[in-house]
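Next come the chains, spelled out residue by residue.
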Amino acid sequence: MQVWQGLPAERAMNGCNLALGNFDGVHRGHQHLIGSVVQKSRSGGGEGVVITFVPHPARVLEGSPPGLLTTTKRKIELIGQLGIDHLFLLPFTPSLAALEPEAFVREILWAHFHPSLVAVGFNFTFGHRGAGTPALLRRLGEELGFKVEVMGPVTLRGLTVSSTAIRNALENGDIGLARDLLGYWPVLAGRVVAGDQRGRQLGFPTANLAVPPELKLPAYGVYACLASFRGRKWQAVVNIGRRPTFGSALPATIEAHLLDFSGNLYDEEMELEFRAFLRQERKFASPGELKAQMEADREQARNILGGHRFSILEQRDRQA
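This write-up is about the structure you can find in this document. (Residues numbered from 1 in each chain as written. Predicted model: local features only at pLDDT ≥ 70, side-chain atom pairs only at ≥ 80, totals over all residues. Heavy atoms only, no water.)

### Considerations on the overall build of the chain
Part 1 of the argument: What the chain contains, in helices and strands, is 11 helices and 14 strands.
Part 2 of the argument: Counting only residues that meet the buried cut, the chain has 49% of its 320 residues in that class.
Part 3 of the argument: Taking contacts inside the chain between residues at least 6 apart in sequence as the whole, the part at least 24 apart equals 73%.
Part 4 of the argument: For the chain, the exposed area adds up to about 15200 Å²; of that, 49% sits on carbon and sulfur atoms.
Part 5 of the argument: Counting 35 positive and 31 negative side-chain charges, the chain places the averaged centre of each group 4 Å from the other. (Helix = DSSP H or I, 4+ residues; strand = E, 2+ residues; numbered from the N terminus. Buried < 20%, exposed > 50% of the residue type's maximum accessible area, 1.4 Å probe, protein only. Contact = heavy atoms within 4.5 Å. Areas by Shrake-Rupley, 256 points an atom, 1.4 Å probe, with all protein chains shown as cover. Lys, Arg positive; Asp, Glu negative; His and termini not counted. Charge placed at Lys NZ, Arg CZ, Asp CG, Glu CD.)

As structure tokens, this is what we get:
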């Protein structure tokens with residue numbers, strides 16, 4: 001997959017099949033939409049193209065995104081796994097936001113891509129104040145000469161798959177539901193930074209993960225996770241929260257205790273794959289009581305994660 005920053009030359013993608021959207025999380029609904037474009041490209045000709053926006057439109061329109069499910073880097077990786085030919089990261093600027101819907105179609109989609117097909121989700125809006133609808137896109141497609149495919153909702157466990165539904169699941173610590181809606185286990189990735197060493201003093205050294213502030217965090221609490229770095233996966237117990245046992249005004253942190261690991265992790269890039277919610281964060285009467293609970297958390301995580309301790313390449317081999 002080729003990744004492009006900004007627009008191509010006019011009609012450079014002539015005759016392409018194009019998926020348009022924000023695609024935060026690249027969840028099952030997005031996968032269905034993009035997968036349809038890939039299938040049409042392979043069966044009927046024309047390259048498969050995805051257009052998405054950077055930064056998320058909410059950052060420009062509202063000042064902050066709603067708690068993103070993926071970084072741009074992660075979004076690129078997930079879209080690349082779907083078999084698309086080209087991904088265009090379109091800068092979402094105030095001038096782009098001010099374009100009327102018809103001007104967006106004519107001056108952006110038609111002038112630069114000249115698509116044969118444009119696919120969007122049923123609730124996709126575009127143009128100034130989101131006034132553009134799939135119905136308007138269909139009318140303009142008939143006029144200009146491209147087909148429009150509007151994907152209906154994908155439902156699972158009685159819910160419409162959406163980025164909002166996934167955020168709600170994460171807010172409730174419902175990792176299983178988030179996983180079902182995403183189509184993969186929820187992930188946080190960042191760099192290991194120095195902490196206050198409280199975990200080490202209790203016999204549970206932790207890696208403090210700094211993640212981009214715009215990302216949506218799961219509910220405060222303790223989780224069973226798989227931590228990935230240096231090409232390997234390790235079982236981990238992860239605490240997200242403010243560590244109330246040690247005070248009421250501490251900043252929120254993401255602390256990962258890796259089972260059966262010793263070594264220096266500072267400045268490592270680490271990825272946490274969330275597998276299960278263990279318990280809510282709470283204040284303990286003493287550090288000793290907290291330590292006893294952490295030991296129980298570690299054993300519960302070990303039971304949930306099983307004997308998972310092998311490299312990513314070995315994991316792929318086993319899945320194959």
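### Here's the deal with the sheet that holds strand β12 (residues 232-241)
Part 1 of the argument: Within the closed barrel, the 6 strands sit side by side as β9-β10-β13-β12-β11-β14. Their pairing is antiparallel. Adjacent strand axes in the sheet meet at a mean angle of 45 degrees when their direction is disregarded. (Pairing = 2+ DSSP bridges. Axes fitted to C-alpha atoms, helices over the stretch in contact; angles between N-to-C directions.)

### Some thoughts on the nonpolar core
Part 1 of the argument: Counting residues in hydrophobic clusters, the biggest one holds 49 residues, and the most contacted among them are I34, V50, V238, L258, M270, L272 and F274.
Part 2 of the argument: Among the elements that line this core, the one with the most residues is helix α8 (residues 175-182), at 5 residues.
Part 3 of the argument: With residues near it in sequence (within four places) discarded, M270 still touches L188, A189, G190, V192, A207, L209, A227, S228, F229, L258 and L265.
Part 4 of the argument: Counting 30 residues, the second-largest nonpolar core is a separate cluster that includes I51, F53, W110 and V120. (Core = buried A, V, L, I, M, F, W, Y, C linked by side-chain atoms within 4.5 Å.)

### Digging into the environment of L188
Part 1 of the argument: Among the secondary structure elements, L188 is positioned in strand β9 (residues 187-193).
Part 2 of the argument: The class of L188 is buried, set by a relative accessible area of 3%.
Part 3 of the argument: Counting along the chain gives 179 residues from L188 to A9, while the straight-line C-alpha distance between them is 36 Å.
Part 4 of the argument: Dropping the residues within four chain positions of it, L188 is found in contact with L209, V211, L215, K216, L217, P218, I240, I254, M270, E271, L272 and F274.

### Considering the pattern of salt bridges
Part 1 of the argument: One pass over the full model with this rule turns up 14 salt bridges.
Part 2 of the argument: Across the pair R74 and E77 runs a salt bridge, and its minimum N-O distance is 3.8 Å. Of the two residues, R74 and E77 both sit in helix α3 (residues 72-80), 3 residues apart, roughly one turn of that helix.
Part 3 of the argument: Across the pair R279 and D297 runs a salt bridge whose closest N-O atoms are separated by 2.8 Å. Here R279, found in strand β14 (residues 269-279), pairs with D297, found in helix α10 (residues 287-305); they are 18 residues apart in sequence, far enough to count as distant.
Part 4 of the argument: R279 gets classed as buried once you look at its relative accessible area, which sits at 14%.
Part 5 of the argument: Of the residues examined, D297 reaches a relative accessible area of 2% and is grouped as buried.
Part 6 of the argument: Members of the salt-bridge network, linked through shared partners, are E102, R106 and E143. (Salt bridge = Lys/Arg side-chain N within 4 Å of Asp/Glu carboxyl O.)

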